[in-house]
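Coordinate inspection notes
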Amino acid sequence: MRFSRTGLLIKCAAALVCAVAVLASGCAVRERGQGPGKEQTSRPAETGVGGAIHEGDIPTTTPFTGEFPEVTPAPATPEPTEPPEPTAVPDYSGGIKRENRKTTVSLFGSGSQKPFCGTGHSIGVQFYATTEFNAVGFKSPTWRATENYYVDYALYKWDTDYYESIAGSPVAEGYFENWQDGVAVYLKFDPLPAGEYVLVALYGSNETACNSGVWYVEAEHPSQRSYLDDEVWYDASVCCELVYIHTPNNKYGPLSDSGIG
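Below, the structure is looked at part by part.

**Overview of the overall build of the chain**
The number of helices and strands found in the chain is two helices and 15 strands. Split by element, the accessible area of the chain, about 17500 Å² in all, is 54% carbon and sulfur.

**Focus: the sheet that holds strand E7 (residues 172-177)**
Read across the open sheet, the six strands follow the order E7-E6-E9-E4-E11-E12; overall the sheet is antiparallel. Two strands close off the open sheet at either side, each with one partner strand: E7 and strand E12 (231-232). Pairing between strand E4 (residues 122-129) and strand E9 (residues 195-205): eight bridges, direction antiparallel. Directly across from Gly124, in E9, lies its bridge partner Val200.

**Quick word on the packing of aromatic side chains**
The geometry of an aromatic ring pair comes down to the distance between the two centres and the angle between the two planes. As enumerated under the stated definition, the model contains 14 aromatic pairs in all. Between Phe127 and Phe133, the aromatic rings sit 5.9 Å apart at their centres with planes inclined by 80 degrees, giving edge-to-face as the arrangement. The class of Phe133 is buried, set by a relative accessible area of 0%. One aromatic cluster in this structure is built from Phe127, Phe133, Phe189 and Tyr197.

**Quick word on a positive patch on the surface**
On the surface, Lys97, Arg98, Arg101 and Lys251 cluster together into a patch of positive charge. Relative to the elements of secondary structure, Lys97 occurs in strand E1 (residues 96-98).

**Notes on the sheet that holds strand E13 (residues 237-238)**
By definition, the strands of a sheet pair up through backbone hydrogen bonds, in either a parallel or an antiparallel sense. Taking strand neighbours across the sheet as the criterion, the three strands line up as E3-E10-E13 in an open arrangement whose pairing is antiparallel. Either end of the sheet is taken by a strand with one partner, and the two such strands are strand E3 (113-117) and E13. As paired strands, E3 and strand E10 (residues 213-217) are joined by five bridges and run antiparallel to one another. Paired with Gln113 across the bridge in E10 is Val217.

**Remarks on the side chain of Ser237**
One can find Ser237 in strand E13. In terms of polar contacts, Ser237 uses its side chain to reach the backbone carbonyl oxygen of Ala219, at 2.8 Å. Among all residues touching Ser237, those that are not within four sequence positions of it are Phe108, Gly109, Tyr216, Val217, Ala219, Glu220, His221, Gln224 and Ser226.

**Quick notes on unusual backbone geometry**
In this structure, Asn100 takes a positive phi of about 50 degrees despite not being glycine. Mapping Asn100 onto the fold places it in the loop between E1 and strand E2 (103-106). Assessed through its relative accessible area of 64%, Asn100 is described here as exposed. One non-glycine residue, Asn178, adopts positive backbone phi at about 55 degrees. Here Asn178 shows up in the loop between E7 and strand E8 (184-192).

About the cut-offs
Residues numbered from 1 in each chain as written. Predicted model: local features only at pLDDT ≥ 70, side-chain atom pairs only at ≥ 80, totals over all residues. Heavy atoms only, no water. Helix = DSSP H or I, 4+ residues; strand = E, 2+ residues; numbered from the N terminus. Areas by Shrake-Rupley, 256 points an atom, 1.4 Å probe, with all protein chains shown as cover. Pairing = 2+ DSSP bridges. Phe/Tyr/Trp six-rings, centres within 6.5 Å; stacked < 30°, edge-to-face > 60°. Buried < 20%, exposed > 50% of the residue type's maximum accessible area, 1.4 Å probe, protein only. Patch = residues over 30% accessible without salt bridge, like charges linked within 9 Å, V, L, I, M, F, W, Y side chains within 5 Å. Salt bridge = Lys/Arg side-chain N within 4 Å of Asp/Glu carboxyl O. Lys, Arg positive; Asp, Glu negative; His and termini not counted. Charge placed at Lys NZ, Arg CZ, Asp CG, Glu CD. Polar contact = N/O pair within 3.5 Å; in protein donor to acceptor, adjacent residues only side chain to side chain. Contact = heavy atoms within 4.5 Å.

So, in structure tokens, the structure goes:
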């Protein structure tokens, strides 16, 4: 079979056009990420008529013409304050005469001692210890009774006045019964520092005619202030004894006002 030169040229041209078209189509696919080994990615939806975005389709915002609210600044964090320096306790001891030498001090004056029946009464003594002490108590008669009487002691640190002091918690307390007639009944405790205190005693009886109470002097004394039923006991000083761990030169310090009118 024979072909004319013109026909052959036409066929070759047609084949070349097809090849170019195929190559162009493949390049276009690869440019859109759809070539071999790649997944087709989605395209965002087009807006407007015919898929074209028109100027009228773009949302616009209205300028804000109001006033912004005032912003209150957060309060500044206060600077931490230093704890106050503890108030120094005055030294009324006049110095220590003998270290580690216990001594018993009588906080009442000289004079005739008289018994007072304390059954059913509250009896107290305010005093100022000038150095460490570990016992305090009242000389307590029993009118020859040997049992069925008692005393309930409570020792308070002085705070402002008498009523404020006894409203607090005791720094030491104790219950005693059946002691020997007339001896000092001591409340003992771990050493307490120098300072002002008040000892309160509640006397009671478990049987008729089995009473107890305190010895007292019919005169006030600067070493103490006596109280009877939570009132100042004027013209009297209860026979109170204080046991110091060290022997001070001054046996007692100044007293605060009772606060009782």
